[in-house]
Amino acid sequence: AHNTPLAPHELFFLSQQYFHQFAPRYEQKTKTTTTMGNCCSQTKKSPQSSSAPHKTQNVKRQSQQNGTQQPSGAPLVKHFIVLIHGNNGFPAQMFAMRDALAKKFASSGIDVFVPQSNSKDTHHGVKVGAQRIAEEMKQHIEHQQSKENVRYADKMQFSVISHSLGGLYARYFIRELMVTNVDLWNRFIPTSFMTCNSPHLGSRIPVTDFTSWVKATGADIYSDLIGQTGKDLFLKNDLLLKMSEPDSDFIQALKAFPHRTVTGVSQGDFVVSLASAVCRQSVPYPRAPNLRSFVDDAIFPNPMEVLAFSAFDDSYLPIFERFSSKFKSTKGEVPEYIPKESEWDIDEVHETSFRPQMLVNLNKVGFRRIEFQFHVFHERFVLNGSLHGMALSIVGKLGDLHIMEMSERENSGPLSVDFLSDILSKDHGVDAESGDLLVTKQS
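## Looking at the overall build of the protein
No. 1: Looking only at helices and strands, one finds 15 helices and 12 strands in the protein.
No. 2: Evaluated residue by residue, the protein yields a buried proportion of 58% over its 443 residues.
No. 3: Across the protein, contacts joining residues at least 24 apart in sequence account for 76% of those joining residues at least 6 apart.
No. 4: Of the roughly 18700 Å² that the protein leaves accessible, carbon and sulfur atoms contribute 51%.

See the structure below:
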């Protein structure tokens, strides 16, 4: 059942990924990347070199230094949330979540920061991408503090939501803050760290037969096209292994967040496997026999379903119950992973090859897991990669080549965004309906 022939949609997907590297890039017209409550402020991207890491221009400080002389009448920012896009992505892909959070935290004082320093330039590797984000965020805060209408609290609750490659950026980014931006890190109260369809175990395809060899060969070619990022993603170096080492700064930074959540799609995401996205080797869901299955009401009767969620305490059950009329959720547990005594292991459905120690180390950290399945109403929404970004309402796009509009019936993204933003609101102790604090948190 696992060694199926290379399907037409998979050939289509691979060919489009390769072609994307040489295709004209879609220019995102919207420059708004930051939301302060219900008000938006614009940041303008400075010219960047395509062959070297971005250098953010220094922002001239006015009379305020480090937020110590901010105007007393300005709104007080108590929640700082960073949204990070993925490979070949751009800030607008995160705007659905940005707007949802701005609405739910409307009366609580929030700054939702969507970095753009990696916009459509994600091939310099995880380390460089993360360093760009850290520097851009530092400059953003300095710039905002120079304004007369913004004040940052001495201590702010701090959360990160990321998509795809952005999840690896995020894990390196929080380490970068903790180690090299100590003053800024100390202003934050790490609260929630959430990744959606991020390849925590990498994107290496196992070779078990001729068909998988063809897929793996294609993936290897693709990894060369995306530079240092390809080496990181396809485990051609030890970066992801080092990022999982128990005593590393990466893990210490991750453990600083009391709420750590990973989400993935059970099947139909041809970019990141479920195993890599939610850090598990077992995959209990039967494989869809063909592409038509995703549009078959008998197989996937609901537009969206949480096939399993785990490690959430009972206080979060009302959120799942609140959405029960819109989609089904099932509580489940992930069996303990027993590693092989070998350099490599593969998941149960032969989609991902990974180093066993990576999975052992990440599972010791502990994650809440949400495993989605989305029903679509036309095969093209599987072909164009929509399932990879559906959880954050990044739909109708494969890179920049497919800019499609989905109808409300076809697009479960807004529902998923509403659901995930409710979870993050509760992580921050904020009522998602009123925006008021549920619990007063001490700084």
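From this point, the narrative continues.
## Here we look at helix α12 (residues 356–365)
No. 1: Burial within α12 is extensive, with 7 of its 10 residues counted as buried.
No. 2: When we look at burial in α12, the residues that qualify are Pro-356, Met-358, Leu-359, Val-360, Asn-361, Leu-362 and Val-365.
No. 3: Taken from the residues just after α12, Gly-366 is the one with a positive phi, measuring 90°.

## Things to note about the confidence of the model for the protein
No. 1: Across the protein, the average pLDDT comes to 80, with 74% of residues at or above 70.
No. 2: Throughout residues 38–71 the model reports pLDDT below 50, and contacts reaching past four residues in sequence, or to other chains, amount to 64 contacts.
No. 3: Note that residues 439–443 has pLDDT below 50 and, in this model, 8 contacts with residues that lie over four places away or in other chains.

## Let's talk about the nonpolar core
Generally speaking, nonpolar side chains in soluble globular proteins are found buried as a group.
No. 1: The biggest cluster of nonpolar side chains holds 63 residues, and the ones touching the most others in it are Phe-80, Met-137, Phe-158, Phe-173 and Ile-174.
No. 2: The greatest single-element share of this core, amounting to 8 residues, is contributed by helix α4 (residues 165–180).
No. 3: Each residue touching Ile-174, except ones within four places of it in the same chain, is listed here: Phe-158, Val-160, Trp-185, Phe-193, Ala-253, Leu-254 and Phe-257.
No. 4: Core analysis: the next-biggest nonpolar cluster, separate from the first, contains 40 residues, Ile-81, Phe-309, Leu-387 and Ile-423 among them.

## Regarding a nonpolar patch on the surface
No. 1: A cluster of nonpolar side chains, Val-207, Phe-210 and Trp-213, forms an exposed patch at the surface whose accessible area comes to about 370 Å².
No. 2: As for its placement among the helices and strands, Val-207 is situated in the loop between β6 (188–196) and α6 (210–225).

## Some thoughts on the pattern of salt bridges
No. 1: Considering all chains together, one arrives at 14 salt bridges under this definition.
No. 2: Measuring nitrogen to oxygen at the nearest pair gives 3.7 Å for the salt bridge that ties Asp-238 to Arg-355. Placement of the pair is Asp-238 in the loop between α7 (227–233) and α8 (239–242) and Arg-355 in the loop between β11 (353–354) and α12, with a sequence separation of 117 residues.

## Some thoughts on the pairing of strand β7 (residues 259–265)
No. 1: Counting buried residues along β7, 7 of its 7 residues qualify, which places the element largely inside the surrounding structure.
No. 2: Of the two faces of β7, both are covered, the one formed by His-259, Thr-261, Thr-263 and Val-265 as well as the one formed by Arg-260, Val-262 and Gly-264.
No. 3: Across 5 bridges, the pairing between β6 and β7 is parallel. Pairing of Met-194 across the sheet is with Thr-261, part of β7.

## Remarks on the packing of helix α3 (residues 126–145) against α4
No. 1: For the pair α3 and α4, interaxial distance at closest approach is 8 Å and the crossing angle is 60°. The pairing of α3 with α4 is recorded here as oblique in orientation. By crossing handedness, the relation of α3 to α4 is classed as right-handed. Residue-level contacts link Val-126, Lys-127, Gly-129, Ala-130, Gln-131, Ile-133, Ala-134 and Met-137 of α3 to Leu-165, Leu-168, Tyr-169, Tyr-172, Phe-173, Glu-176 and Leu-177 of α4.

## Describing the pairing of β6
No. 1: In terms of burial, β6 is a largely internal element, 8 of the 9 residues being buried.
No. 2: Relative to β6, strand β5 (residues 151–163) runs parallel, the two sharing 8 bridges. Its bridge partner being in β6, Ile-161 is matched across the sheet by Met-194.

## So, the environment of Ile-81
No. 1: Of note, Ile-81 is situated in strand β3 (residues 76–84).
No. 2: In this structure the C-alpha to C-alpha distance between Ile-81 and Phe-113, which are 32 residues apart in sequence, comes to 6.1 Å.
No. 3: What Ile-81 contacts, discounting residues up to four positions off in sequence, is Leu-101, Phe-105, Ile-110, Asp-111, Val-112, Phe-113, Ser-159, Leu-424 and His-428.

## What to know about the packing of aromatic side chains
No. 1: This structure, assessed with the given rule, holds 22 aromatic pairs.
No. 2: Among the aromatic residues, those joined into a ring-pair cluster are Phe-80, Phe-113, Tyr-152, Phe-158, Phe-173, Trp-185, Phe-188, Phe-193 and Phe-257.
No. 3: Above the plane of the ring of Phe-95 lies Arg-98, whose end atom (NZ or CZ) is 3.9 Å from the centre.
No. 4: Against the face of Tyr-316 rests Arg-368, its NZ or CZ located 5.0 Å from the ring centre.

## What about the packing of helix α2 (residues 95–104) against helix α15 (residues 413–427)?
No. 1: Relative to each other, α2 and α15 sit at 50°, their axes nearing to 10 Å. Classified by the interaxial angle, the pair formed by α2 and α15 is oblique. For the crossing formed where α2 meets α15, the hand is right-handed. The segment α2 lies against α15, with Ala-96, Met-97, Ala-100, Leu-101 and Lys-104 engaging Val-417, Asp-418, Leu-420, Ser-421, Asp-422, Leu-424 and Ser-425.
No. 2: Residues of the contact of α2 with α15, tallied by class, amount to 7 nonpolar, 2 polar and 3 charged.

## Thoughts on the environment of Gly-129
No. 1: Relative to the elements of secondary structure, Gly-129 occurs in helix α3.
No. 2: Here Gly-129 falls in the buried class, since its relative accessible area comes to 1%.
No. 3: Gly-129 sits 10 residues away from Ser-119 along the chain, and the two C-alpha atoms are 9.9 Å apart.
No. 4: If we ignore the near neighbours within four places in the chain, the residues touching Gly-129 are Asn-118 and Tyr-169.

Conventions adopted
- Residues numbered from 1 in each chain as written.
- Predicted model: local features only at pLDDT ≥ 70, side-chain atom pairs only at ≥ 80, totals over all residues.
- Heavy atoms only, no water.
- Helix = DSSP H or I, 4+ residues; strand = E, 2+ residues; numbered from the N terminus.
- Buried < 20%, exposed > 50% of the residue type's maximum accessible area, 1.4 Å probe, protein only.
- Contact = heavy atoms within 4.5 Å.
- Areas by Shrake-Rupley, 256 points an atom, 1.4 Å probe, with all protein chains shown as cover.
- pLDDT = per-residue confidence, 0-100.
- Core = buried A, V, L, I, M, F, W, Y, C linked by side-chain atoms within 4.5 Å.
- Patch = residues over 30% accessible without salt bridge, like charges linked within 9 Å, V, L, I, M, F, W, Y side chains within 5 Å.
- Salt bridge = Lys/Arg side-chain N within 4 Å of Asp/Glu carboxyl O.
- Pairing = 2+ DSSP bridges.
- Axes fitted to C-alpha atoms, helices over the stretch in contact; angles between N-to-C directions.
- Parallel < 35°, antiparallel > 145°, perpendicular 65-115°, else oblique.
- Left-handed = near helix turned anticlockwise from the far one by under 90°.
- Phe/Tyr/Trp six-rings, centres within 6.5 Å; stacked < 30°, edge-to-face > 60°.
- Lys NZ or Arg CZ within 6 Å of the ring centre and 35° of its normal.
- Nonpolar A, V, L, I, M, F, W, Y, C, P; charged D, E, K, R; others polar.

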